[in-house]
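In case you want the letters, here they are:
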Amino acid sequence: MLANRITLLYVLLMTAVVVASNVLVQYPLSGVLLGINLGDLLTYGAFTYPVAFLITDLTNRQFGPRVARRVVAAGFVVAVAFSFAVASPRIAIASGSAFLFGQLLDISVFNTLRRQAWWRAPLIASLIGSLLDTILFFSFAFAPAFSIFGPNDAFAIEWAPILGVLAAEAPRWISWALGDFSVKVLVGFVMLLPYGALMSKLKPMPGVEKLA
């Protein structure tokens, strides 16, 4: 019964993070920092979404990959359904696809590395999963090649200096993707702090390491 309650908590947390990120990714940062137009570089969703990988890794550590996949599947269904109500269909499709494949890759990498140094599995798994997630989301959501999912965002595909500072230019969504992944890398390291703090309380269930 306790395990079911904890699993439900993971599902609820995952859903909240993904839905919030789906909304926030539609809003570029406002303002200028050191001459850089932040709207050319990042969206607010970049700061919330990486928490999803922490939730997945904690689930995987405590209950193993099978339960982690169930949490991802449940979070995927609920989050995508809600996302269609609060975000554009294209954003919802892009977010759902990126979330599902990025999280499943995270689970696989984490499970492979779980017997190594405590920090290696969550860090490497989240970074690799984040890379796939970033590629899929920004391509599906903004690249003109995927306009089958919905109309293009004129602001996103408008050309601007890469990362807001380089002489070379590219569609703005490219800079968003680069900035987003940079933040995910940074947050991936930061998330090691709560992961490490919770390790002693969220110990693996018996037999978890034998699950696949």
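Conventions used here
- Residues numbered from 1 in each chain as written.
- Predicted model: local features only at pLDDT ≥ 70, side-chain atom pairs only at ≥ 80, totals over all residues.
- Heavy atoms only, no water.
- UniProt positions renumbered as here; feature names shortened; annotations may be inferred.
- Helix = DSSP H or I, 4+ residues; strand = E, 2+ residues; numbered from the N terminus.
- Buried < 20%, exposed > 50% of the residue type's maximum accessible area, 1.4 Å probe, protein only.
- Salt bridge = Lys/Arg side-chain N within 4 Å of Asp/Glu carboxyl O.
- Core = buried A, V, L, I, M, F, W, Y, C linked by side-chain atoms within 4.5 Å.
- Axes fitted to C-alpha atoms, helices over the stretch in contact; angles between N-to-C directions.
- Parallel < 35°, antiparallel > 145°, perpendicular 65-115°, else oblique.
- Contact = heavy atoms within 4.5 Å.
- 1 Å grid on protein atoms, 1.4 Å probe; cavity = no way out; pocket = protein on both sides within 12 Å on 5 of 7 lines; lining within 4 Å.
- Points joined across faces, edges and corners; volume = space filled by probe spheres on them.
- Nonpolar A, V, L, I, M, F, W, Y, C, P; charged D, E, K, R; others polar.

(A) Inspection of the UniProt feature "transmembrane region" (unreviewed entry) in the protein at higher detail. When the UniProt feature table is mapped onto this chain numbering, "transmembrane region" (unreviewed entry) sits at residues 7–25, 31–55, 67–85, 91–111, 123–149 and 173–195. A helix fraction of 100% and a strand fraction of 0% characterise residues 91–111, whose end C-alpha atoms lie 30 Å from each other. In residues 123–149, the share of helix is 74% and the share of strand is 0%. The end C-alpha atoms are 32 Å apart.

(B) Spotlight on the environment of Gly-129. As for its placement among the helices and strands, Gly-129 is situated in helix 5 (residues 120–142). What makes Gly-129 buried here is its relative accessible area of 0%. Separated by 29 residues in the primary sequence, Gly-129 and Leu-100 have C-alpha atoms spaced 10.0 Å apart.

(C) The arrangement of the pattern of salt bridges in detail. One pass over the structure, following the stated rule, counts 3 salt bridges. What emerges from the salt-bridge pattern is a single network uniting Asp-133, Asp-180 and Lys-184.

(D) Geometry of the nonpolar core. Residues Tyr-10 and Met-14 are the most contacted members of the largest nonpolar core, which totals 36 residues. Every element with two or more residues in this core is listed here: helix 1 (2–24), helix 2 (51–63), helix 3 (65–86), helix 4 (89–113), helix 5 and helix 7 (172–190). Within the second largest apolar cluster, 16 residues are counted, among which are Ala-87, Ala-94, Ala-98 and Phe-138.

(E) Spotlight on the environment of Arg-115. Note that Arg-115 resides in the loop between helix 4 and helix 5. Spatially, the C-alpha atom of Arg-115 lies 27 Å from that of Gly-75, the residues being 40 residues apart in sequence.

(F) Examining the packing of helix 3 against helix 4 more closely. Orientation of helix 3 relative to helix 4, taken along the N-to-C sense of each, is 170°, at an axis distance of 9 Å. Our classification of the angle between helix 3 and helix 4 gives roughly antiparallel. Contacts between helix 3 and helix 4 involve Pro-65, Ala-68, Arg-69, Val-72, Gly-75, Phe-76, Val-80, Ser-83 and Phe-84 on the former and, on the latter, Pro-89, Ala-92, Ile-93, Gly-96, Phe-99, Leu-100, Gln-103, Leu-104, Ile-107 and Asn-111.

(G) View of empty space enclosed by the protein. Tallied over the entire structure, the rule returns 2 cavities of 30 Å³ or more. A volume near 130 Å³ is recorded for the largest cavity. If you go around the largest cavity, the residues you meet are Ser-21, Asn-22, Val-25, Gly-45, Tyr-49, Ser-95, Ala-98, Asp-133, Phe-137, Phe-138, Asp-180 and Lys-184. Going through the elements one at a time, helix 1, helix 4, helix 5 and helix 7 are the ones with two or more residues in the lining of the largest cavity. It is helix 5 that provides the largest number of residues to the lining of the largest cavity, a total of 3 residues. Here the lining of the largest cavity is built from residues that sort into 5 nonpolar, 4 polar and 3 charged. Together, 14 residues line the second largest cavity, and Asp-57, Pro-122, Ser-126, Gly-188 and Met-191 are the ones closest to its centre. Looking at the lining of the second largest cavity, the elements that each hand over two or more residues are helix 2, helix 5, helix 7 and helix 8 (192–198). Across the lining of the second largest cavity, the residue classes break down as 9 nonpolar, 3 polar and 2 charged.

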